[in-house]
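Listed below are the residues making up each chain.
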Amino acid sequence: MAFFIFVLADVIHFIKIVVACDMCTSFKRRKFIDNRLLTVISCLIVAGVSAFIYVFDNHIIETFIYVFVIILMMLMLYKEKIHIISMVVMWILFALSMIDIMVGTLYDILMKLFELNGDIISNVVVSSVSLIMIFLMGRAYRKNNTATLNSMGVVNIIGFTILLAIDTFVVTTIIAQPFVDSHIGSKRNIYLLAVVFVII
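This text gives an overview of the structure that appears in the document. All residue numbers refer to positions counted from 1 along the written sequence of the respective chain. With the structure being a predicted model, the display of local features is reserved for residues of pLDDT at least 70 and the display and counting of side-chain atom pairs for 80 or more, all residues being used for whole-chain, interface and lining totals. The basis for every side-chain value is the complete set of non-hydrogen atoms in the structure, without hydrogens or water.

**Focus on the overall build of the protein chain**
The line we're drawing: Strands are runs of DSSP state E lasting at least 2 residues, helices are runs of H or I lasting at least 4, and numbering of each runs from the N terminus. Each residue is assigned to one of three classes by its accessible area relative to the maximum for its type, calculated with a 1.4 Å probe on protein chains only: buried under 20%, partly exposed between the two thresholds, exposed over 50%. The contact rule is simple, with two residues in contact once any of their heavy atoms fall within 4.5 Å.
What the protein chain contains, in helices and strands, is eight helices and zero strands. When the helices and strands of the protein chain are read in sequence order from the N terminus, they spell out α-α-α-α-α-α-α-α. A buried classification covers 41% of the 200 residues belonging to the protein chain. Within the protein chain, counting contacts between residues at least 6 apart in sequence, those at least 24 apart form 78% of the total.

The following block contains the structure:
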(Lines give C-alpha, C1' and ligand atoms only; values in the text may rest on other atoms or scores of the structure.)
Protein backbone atom coordinates (compact mmCIF):
# COMPACT_ATOMS: atom_id res chain seq x y z
CA MET A 1 0.00 0.00 0.00
CA ALA A 2 2.78 2.42 0.96
CA PHE A 3 4.59 1.64 -2.31
CA PHE A 4 1.50 2.35 -4.42
CA ILE A 5 0.80 5.62 -2.60
CA PHE A 6 4.42 6.73 -2.99
CA VAL A 7 4.37 6.12 -6.76
CA LEU A 8 0.91 7.67 -7.19
CA ALA A 9 1.98 10.81 -5.30
CA ASP A 10 5.01 11.22 -7.58
CA VAL A 11 2.87 10.81 -10.71
CA ILE A 12 0.39 13.42 -9.44
CA HIS A 13 3.33 15.70 -8.67
CA PHE A 14 4.55 15.35 -12.25
CA ILE A 15 1.06 16.13 -13.55
CA LYS A 16 1.11 19.31 -11.45
CA ILE A 17 4.31 20.39 -13.20
CA VAL A 18 2.75 19.74 -16.61
CA VAL A 19 -0.40 21.65 -15.65
CA ALA A 20 1.68 24.56 -14.34
CA CYS A 21 3.66 24.67 -17.59
CA ASP A 22 0.51 24.48 -19.71
CA MET A 23 -1.29 27.16 -17.72
CA CYS A 24 1.48 29.61 -16.83
CA THR A 25 4.01 29.46 -19.66
CA SER A 26 3.94 29.83 -23.41
CA PHE A 27 5.71 26.51 -23.96
CA LYS A 28 4.65 24.77 -27.16
CA ARG A 29 3.76 21.08 -27.06
CA ARG A 30 5.45 18.69 -29.46
CA LYS A 31 3.15 17.52 -32.25
CA PHE A 32 4.79 14.29 -33.42
CA ILE A 33 2.44 12.26 -31.23
CA ASP A 34 -0.94 12.85 -29.57
CA ASN A 35 -0.50 15.13 -26.56
CA ARG A 36 -2.59 12.97 -24.24
CA LEU A 37 -0.77 9.79 -25.24
CA LEU A 38 2.59 11.51 -24.77
CA THR A 39 1.52 12.70 -21.32
CA VAL A 40 0.42 9.18 -20.36
CA ILE A 41 3.75 7.75 -21.55
CA SER A 42 5.58 10.39 -19.51
CA CYS A 43 3.52 9.54 -16.43
CA LEU A 44 4.32 5.83 -16.85
CA ILE A 45 8.03 6.61 -17.11
CA VAL A 46 7.84 8.77 -13.97
CA ALA A 47 5.96 5.95 -12.20
CA GLY A 48 8.72 3.50 -13.12
CA VAL A 49 11.43 5.86 -11.88
CA SER A 50 9.42 6.50 -8.71
CA ALA A 51 9.20 2.74 -8.09
CA PHE A 52 12.98 2.49 -8.46
CA ILE A 53 13.49 5.41 -6.08
CA TYR A 54 11.20 3.79 -3.50
CA VAL A 55 13.43 0.71 -3.43
CA PHE A 56 16.73 2.57 -3.76
CA ASP A 57 17.30 4.15 -0.34
CA ASN A 58 19.57 7.14 -0.96
CA HIS A 59 17.82 10.50 -0.70
CA ILE A 60 20.51 12.58 -2.39
CA ILE A 61 20.79 10.32 -5.44
CA GLU A 62 17.00 9.92 -5.50
CA THR A 63 16.54 13.69 -5.73
CA PHE A 64 19.00 14.07 -8.61
CA ILE A 65 17.44 11.15 -10.49
CA TYR A 66 13.92 12.51 -10.00
CA VAL A 67 14.80 16.04 -11.14
CA PHE A 68 16.76 14.70 -14.13
CA VAL A 69 13.86 12.49 -15.25
CA ILE A 70 11.33 15.32 -14.80
CA ILE A 71 13.43 17.64 -16.98
CA LEU A 72 13.85 14.84 -19.54
CA MET A 73 10.10 14.25 -19.67
CA MET A 74 9.42 17.97 -20.05
CA LEU A 75 11.86 18.09 -22.95
CA MET A 76 9.92 15.23 -24.48
CA LEU A 77 6.63 17.12 -24.05
CA TYR A 78 7.65 20.67 -25.00
CA LYS A 79 9.58 22.28 -27.84
CA GLU A 80 11.87 24.44 -25.75
CA LYS A 81 15.60 24.77 -25.23
CA ILE A 82 17.05 22.60 -22.48
CA HIS A 83 18.29 25.50 -20.35
CA ILE A 84 14.86 27.19 -20.46
CA ILE A 85 13.09 23.95 -19.53
CA SER A 86 15.59 23.28 -16.75
CA MET A 87 15.25 26.73 -15.16
CA VAL A 88 11.46 26.75 -15.35
CA VAL A 89 11.14 23.19 -14.01
CA MET A 90 13.48 23.95 -11.11
CA TRP A 91 11.46 27.05 -10.23
CA ILE A 92 8.16 25.19 -10.52
CA LEU A 93 9.49 22.36 -8.33
CA PHE A 94 10.53 24.93 -5.73
CA ALA A 95 7.17 26.73 -5.86
CA LEU A 96 5.19 23.48 -5.77
CA SER A 97 7.16 22.25 -2.76
CA MET A 98 6.13 25.36 -0.82
CA ILE A 99 2.50 25.02 -1.91
CA ASP A 100 2.54 21.35 -0.88
CA ILE A 101 3.97 22.30 2.51
CA MET A 102 1.12 24.76 3.11
CA VAL A 103 -1.54 22.30 1.91
CA GLY A 104 0.09 19.59 4.05
CA THR A 105 -0.11 21.92 7.03
CA LEU A 106 -3.84 22.43 6.47
CA TYR A 107 -4.22 18.66 6.10
CA ASP A 108 -2.50 18.15 9.47
CA ILE A 109 -4.83 20.73 11.04
CA LEU A 110 -7.89 18.89 9.71
CA MET A 111 -6.57 15.53 10.91
CA LYS A 112 -6.13 17.00 14.40
CA LEU A 113 -9.52 18.67 14.20
CA PHE A 114 -11.35 15.43 13.43
CA GLU A 115 -8.92 13.28 15.45
CA LEU A 116 -8.06 11.12 12.46
CA ASN A 117 -4.85 9.38 11.43
CA GLY A 118 -4.32 10.03 7.73
CA ASP A 119 -0.54 9.85 7.55
CA ILE A 120 -0.47 6.94 5.10
CA ILE A 121 -2.44 8.81 2.43
CA SER A 122 -1.22 12.32 3.24
CA ASN A 123 1.11 12.62 0.21
CA VAL A 124 -1.60 11.63 -2.27
CA VAL A 125 -4.23 13.87 -0.66
CA VAL A 126 -1.90 16.86 -0.47
CA SER A 127 -0.73 16.41 -4.08
CA SER A 128 -4.29 15.98 -5.32
CA VAL A 129 -5.57 19.07 -3.51
CA SER A 130 -2.67 21.23 -4.69
CA LEU A 131 -3.19 19.89 -8.25
CA ILE A 132 -6.81 21.04 -8.16
CA MET A 133 -5.75 24.42 -6.76
CA ILE A 134 -3.09 24.90 -9.45
CA PHE A 135 -5.53 23.91 -12.21
CA LEU A 136 -8.25 26.29 -11.00
CA MET A 137 -5.80 29.16 -10.44
CA GLY A 138 -4.26 28.52 -13.83
CA ARG A 139 -7.65 28.59 -15.54
CA ALA A 140 -8.55 31.85 -13.79
CA TYR A 141 -5.15 33.33 -14.64
CA ARG A 142 -5.33 32.40 -18.33
CA LYS A 143 -8.88 33.72 -18.56
CA ASN A 144 -8.05 37.16 -17.17
CA ASN A 145 -4.45 37.67 -18.29
CA THR A 146 -2.47 37.33 -21.47
CA ALA A 147 0.92 37.45 -19.72
CA THR A 148 2.75 34.19 -19.10
CA LEU A 149 5.62 33.12 -16.89
CA ASN A 150 7.94 33.77 -19.84
CA SER A 151 6.91 37.44 -20.04
CA MET A 152 6.57 38.25 -16.32
CA GLY A 153 10.17 39.31 -15.91
CA VAL A 154 12.80 38.21 -13.42
CA VAL A 155 11.91 40.85 -10.82
CA ASN A 156 8.22 39.82 -10.70
CA ILE A 157 9.09 36.13 -10.52
CA ILE A 158 11.56 36.76 -7.69
CA GLY A 159 8.96 38.88 -5.89
CA PHE A 160 6.32 36.17 -6.22
CA THR A 161 8.80 33.55 -4.98
CA ILE A 162 9.70 35.63 -1.93
CA LEU A 163 6.02 36.18 -1.13
CA LEU A 164 5.34 32.46 -1.48
CA ALA A 165 8.31 31.66 0.78
CA ILE A 166 7.07 34.12 3.42
CA ASP A 167 3.57 32.60 3.31
CA THR A 168 5.06 29.13 3.70
CA PHE A 169 7.24 30.24 6.60
CA VAL A 170 4.33 31.87 8.41
CA VAL A 171 2.04 28.87 7.99
CA THR A 172 4.62 26.25 8.97
CA THR A 173 5.84 28.32 11.92
CA ILE A 174 2.30 28.54 13.30
CA ILE A 175 1.94 24.78 13.14
CA ALA A 176 5.49 23.97 14.19
CA GLN A 177 5.14 25.79 17.49
CA PRO A 178 3.93 23.86 20.54
CA PHE A 179 0.78 25.98 20.36
CA VAL A 180 -1.16 23.30 18.49
CA ASP A 181 -0.09 20.46 20.75
CA SER A 182 -0.77 22.44 23.91
CA HIS A 183 -4.23 23.41 22.67
CA ILE A 184 -5.16 20.16 20.98
CA GLY A 185 -8.08 19.74 23.37
CA SER A 186 -9.63 22.97 22.12
CA LYS A 187 -11.21 22.52 18.69
CA ARG A 188 -11.93 26.25 18.57
CA ASN A 189 -8.20 26.95 18.35
CA ILE A 190 -7.78 24.40 15.57
CA TYR A 191 -10.61 26.10 13.66
CA LEU A 192 -8.84 29.43 14.13
CA LEU A 193 -5.60 27.97 12.78
CA ALA A 194 -7.46 26.66 9.73
CA VAL A 195 -8.97 30.11 9.12
CA VAL A 196 -5.55 31.76 9.47
CA PHE A 197 -4.13 29.31 6.91
CA VAL A 198 -6.88 30.03 4.37
CA ILE A 199 -6.45 33.81 4.81
CA ILE A 200 -2.69 33.53 4.23
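**A closer look at the packing of helix α1 (residues 2–24) against helix α3 (residues 59–77)**
Applied cut-off: Lines fitted to C-alpha atoms define the axes here, with helix axes fitted over just the stretch in contact, and angles between the N-to-C directions of these axes take values from 0 to 180 degrees. Working rule for angles: under 35 degrees goes down as roughly parallel, over 145 as roughly antiparallel, 65 to 115 as roughly perpendicular, anything else as oblique. Take the far helix as your reference; a near helix turned counterclockwise from it by less than a right angle gives a left-handed crossing, and one turned clockwise gives a right-handed crossing. Gly is placed with the polar residues, together with every amino acid not listed as nonpolar (Ala, Val, Leu, Ile, Met, Phe, Trp, Tyr, Cys and Pro) or charged (Asp, Glu, Lys and Arg).
Running from N to C, α1 and α3 point in directions that differ by 45 degrees, and their axes come no closer than 11 Å. Between α1 and α3, the interaxial angle falls into the category oblique. The crossing of α1 and α3 is right-handed. Residue-level inspection shows D10, H13, F14, I17, V18 and C21 of α1 in contact with α3, the latter providing Y66, I70, M73, M74 and L77. A breakdown of the residues in the contact of α1 with α3 according to their chemical character gives nine nonpolar, one polar and one charged.

**Things to note about the pattern of salt bridges**
Going by this rule: Each salt bridge in this description consists of a side-chain nitrogen of Lys or Arg and a carboxyl oxygen of Asp or Glu lying within 4 Å of one another.
The full count for this structure, using the stated rule, is two salt bridges. With its nearest N and O atoms 2.8 Å apart, the salt bridge here joins K16 to D100. With K16 in helix α1 and D100 in helix α4 (residues 82–113), this residue pair connects regions lying 84 residues apart in the sequence. Both residues of the pair, K16 and D100, belong to the buried class. Note that R29 is salt-bridged to D22, the shortest N-O span being 2.9 Å. On the basis of relative accessible area, R29 is assigned to the buried category, the value being 14%.

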